[in-house]
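Single-letter residue listing:
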Amino acid sequence: MVDIEELKSKYLNLEFARLDFVVDAEKSAIVARVSGETRPEFIDPAHPEFEVFPAYIASLSSGRHLPINFPSLGGIPVDGGKAVTSIKPVPAGVSLDGRTHLHDIYDKSGRSGRMIFLVSRMKIYDAAENLLALADSRMVIRERSDA
Amino acid sequence: MSIVSINDIEFGMELGPWLPDTALANSTAVANAVGWLNAPRFTSHEGGRKEGLPGALVPGILGMGFLCALIHREIPAARIQKVDCVFRATLIADQPCTVTAVVTDIDTDTRTAELDLLIRNDAGETRIVGTATICMPA
């Protein structure tokens, strides 16, 4: 059985990925529009206060975001949820920097065994090093009995 | 009643129910917009069934989008400080769902309110739950 405290001591809060990217305003606006969003600053890229839609920000942390040397825990990670914390509006069309670390590791046990939750957090900065947003991705892995 | 300040928000106030558009075309649009170009589970019912699903999925981030849209539709002055969604079970494209929220806490000093968020399918089953913190203008 995997020792959660040991995983935490080895892997929490260590930046393991860094990504420079630019959000395409129209792509964010598409996500906002099909979500049923009505506020112009999310659906109209020409709006003077246009900002990236929270659900689009959440997509930036999708996928298997784990340190390269993180041990295999058994089953395939499932997307257990997403969270976005907005600190300042995230602009489109400008260079942004996403820095990812493991923010939390915890487990829950039930009748079907133990589930391990891995929360990776991308901190999004602008070119002036202002922290704009946090994008959390919660992966759930059903522990393999021999892991 | 128009909600323009934190004083207009009441504990227990309900948002919705709202029925967002779960059309497959919208799931496809989201998958394409975020770069999931090879993800048939979001773009075709047949593709979803080939992966053992009941049909094509509504991406979780689109569920989050529905919840953000509900907040903005009913409280246009609100700024979402945080939204946190737990994907409890799959939401299937082209099947109706209902989006609701309820105010669970209010802090007039910080002009913030907490909401519990919920998406149910047409069988009334919980698919996505979440929480949000909103901030109202001064």
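Bear in mind the structure is a predicted one, so any value in this text is a computation, not a measurement. (Residues numbered from 1 in each chain as written. Chains lettered and ligands numbered in written order. Predicted model: local features only at pLDDT ≥ 70, side-chain atom pairs only at ≥ 80, totals over all residues. Heavy atoms only, no water.)

Visitor: Break down the overall build of chain B for me, with residues and values.
Guide: Regarding its fold elements, chain B presents 4 helices and 5 strands. Counting from the amino terminus, chain B carries its helices and strands in the arrangement β-α-α-α-α-β-β-β-β. Dimensions of chain B along its principal axes, counting C-alpha atoms only, are 50 × 30 × 25 Å. Relative to its full complement of 138 residues, chain B shows a buried share of 51%. Contacts in chain B between residues at least 24 apart in sequence constitute 63% of all its contacts with a sequence separation of at least 6. Carbon together with sulfur atoms contributes 48% to the accessible area of chain B, which is approximately 6200 Å² in total. Taking the 10 positively charged and 16 negatively charged side chains of chain B as two groups, their mean positions are separated by 9 Å. (Helix = DSSP H or I, 4+ residues; strand = E, 2+ residues; numbered from the N terminus. Buried < 20%, exposed > 50% of the residue type's maximum accessible area, 1.4 Å probe, protein only. Contact = heavy atoms within 4.5 Å. Areas by Shrake-Rupley, 256 points an atom, 1.4 Å probe, with all protein chains shown as cover. Lys, Arg positive; Asp, Glu negative; His and termini not counted. Charge placed at Lys NZ, Arg CZ, Asp CG, Glu CD.)

Visitor: Tell me about the pairing of strand 3 (residues 95-110) of chain A, and name the residues and values.
Guide: All names here are of chain A. In this sheet, strand 3 lies alongside strand 1 (residues 15-22) in antiparallel orientation, the contact comprising 7 bridges. Bridge pairing in strand 3 links Ala17 to Thr100. The sheet contact formed by strand 3 and strand 4 (residues 113-126) spans 14 bridges and is antiparallel. Directly across from Tyr106, in strand 4, lies its bridge partner Phe117. Where strand 3 hands over to strand 4, the hairpin turn is made up of 2 residues, counted between the paired strands. (Pairing = 2+ DSSP bridges.)

Visitor: Outline the nonpolar core, listing residues and values.
Guide: Of all hydrophobic cores here, the largest spans 66 residues; its most connected members are Ile9, Ile75 and Ile134 of chain B. Ranked by residue count, the leading element in this core is helix 4 (residues 60-74) of chain B, at 9 residues. Apart from residues no more than four positions distant in its own chain, Ile9 of chain B is found in contact with Ile3, Ile75, Val103, Ile106, Ala113, Ile134 and Met136 of chain B. In terms of nonpolar packing, the next biggest core, distinct from the first, is built from 14 residues, Leu12, Ile105, Ile116 and Met139 of chain A among them. (Core = buried A, V, L, I, M, F, W, Y, C linked by side-chain atoms within 4.5 Å.)

Visitor: I'd like a rundown of helix 2 (residues 25-35) of chain A, residues and numbers included.
Guide: Of the positions making up helix 2 of chain A, those classed as buried are Ala25, Ser28, Ala29, Val31, Ala32, Val34 and Ser35 of chain A. Lining the buried residues of helix 2 of chain A we find helix 3 (40-43) and helix 4 (54-59) of chain A together with strand 1 (14-18), helix 1 (24-33) and helix 4 of chain B. Capping the start of helix 2 of chain A is the job of one residue whose side-chain oxygen sits 2.9 Å from the backbone nitrogen of Glu26 of chain A: Asp24 of chain A. (Polar contact = N/O pair within 3.5 Å; in protein donor to acceptor, adjacent residues only side chain to side chain.)

Visitor: Mind laying out the interface of chain B and chain A, listing which residues take part and the relevant values?
Guide: Opposite the 30 residues of chain B that make contact, chain A presents 29 residues. Counting each side, the surface lost to burial between chain B and chain A is near 2200 Å², with a carbon and sulfur contribution of 58%. On the surface where chain B and chain A come into contact, there are 2 salt bridges. Taking the shortest distance from any N to any O, the salt bridge between Arg79 of chain B and Glu51 of chain A comes out at 3.0 Å. Our count for the contact surface shared by chain B and chain A stands at 12 residue pairs in polar contact (both at pLDDT 80 or more). Within the residue set of the side of chain B that touches chain A, elements represented by two or more residues are helix 1, helix 4 and strand 2 (79-87) of chain B. In terms of residue class, the side of chain B that touches chain A is built from 21 nonpolar, 4 polar and 5 charged. Bridge analysis of strand 2 (residues 78-86) of chain A against strand 2 of chain B gives 5 bridges, and the strand direction is antiparallel. Residue pairing for strand 2 of chain B: Gly81 of chain A is matched across the bridge by Val86 of chain B. (Buried area = accessible area lost by both parts, 1.4 Å probe. Salt bridge = Lys/Arg side-chain N within 4 Å of Asp/Glu carboxyl O. Nonpolar A, V, L, I, M, F, W, Y, C, P; charged D, E, K, R; others polar.)

Visitor: Tell me about the state of the cysteines, and name the residues and values.
Guide: Residue and element names in this part refer to chain B. Within this structure, the stated rule accounts for 0 disulfides over all chains. Cys97 takes part in no disulfide bond, and the closest cysteine sulfur to it belongs to Cys85, at a distance of 12 Å. Looking at Cys97, the relative accessible area reads 1%, which means it is buried. The thiol of Cys135 is unpaired, and the distance to the nearest cysteine sulfur, on Cys68, comes to 15 Å. On the basis of relative accessible area, Cys135 is assigned to the buried category, the value being 14%. (Disulfide = S-S within 2.5 Å.)

Visitor: How would you explain unusual backbone geometry if you had to name every residue and give the values?
Guide: Cis geometry marks the peptide bond from Gly16 of chain B to Pro17 of chain B; its omega dihedral reads 5°. If you check the backbone angles, Asn13 of chain A has positive phi at about 65° while not being a glycine. Tracing the chain through its elements places Asn13 of chain A in the loop between helix 1 (4-11) and strand 1. Taking relative accessible area as the criterion, Asn13 of chain A reaches 53% and is therefore assigned exposed.

Visitor: Talk me through the pattern of salt bridges; I want residue IDs and the actual numbers.
Guide: Where charged atoms from two side chains of opposite charge approach closely, those side chains can pair. Residues and elements named next belong to chain A. Scanning all chains against the criterion turns up 16 salt bridges over all chains. A salt bridge links Glu6 to Lys10, with the shortest nitrogen-to-oxygen separation between them at 3.5 Å. Of this pair, Glu6 and Lys10 are both found in helix 1, 4 residues apart, which corresponds to roughly one turn of the helix. Salt-bridge contacts for Asp136 lead to Arg121; the nearest nitrogen and oxygen are separated by 2.7 Å. With Asp136 in strand 5 (residues 131-142) and Arg121 in strand 4, the pair connects residues that are 15 residues apart, well separated along the chain. Each member of the pair Asp136 and Arg121 is classed as buried.

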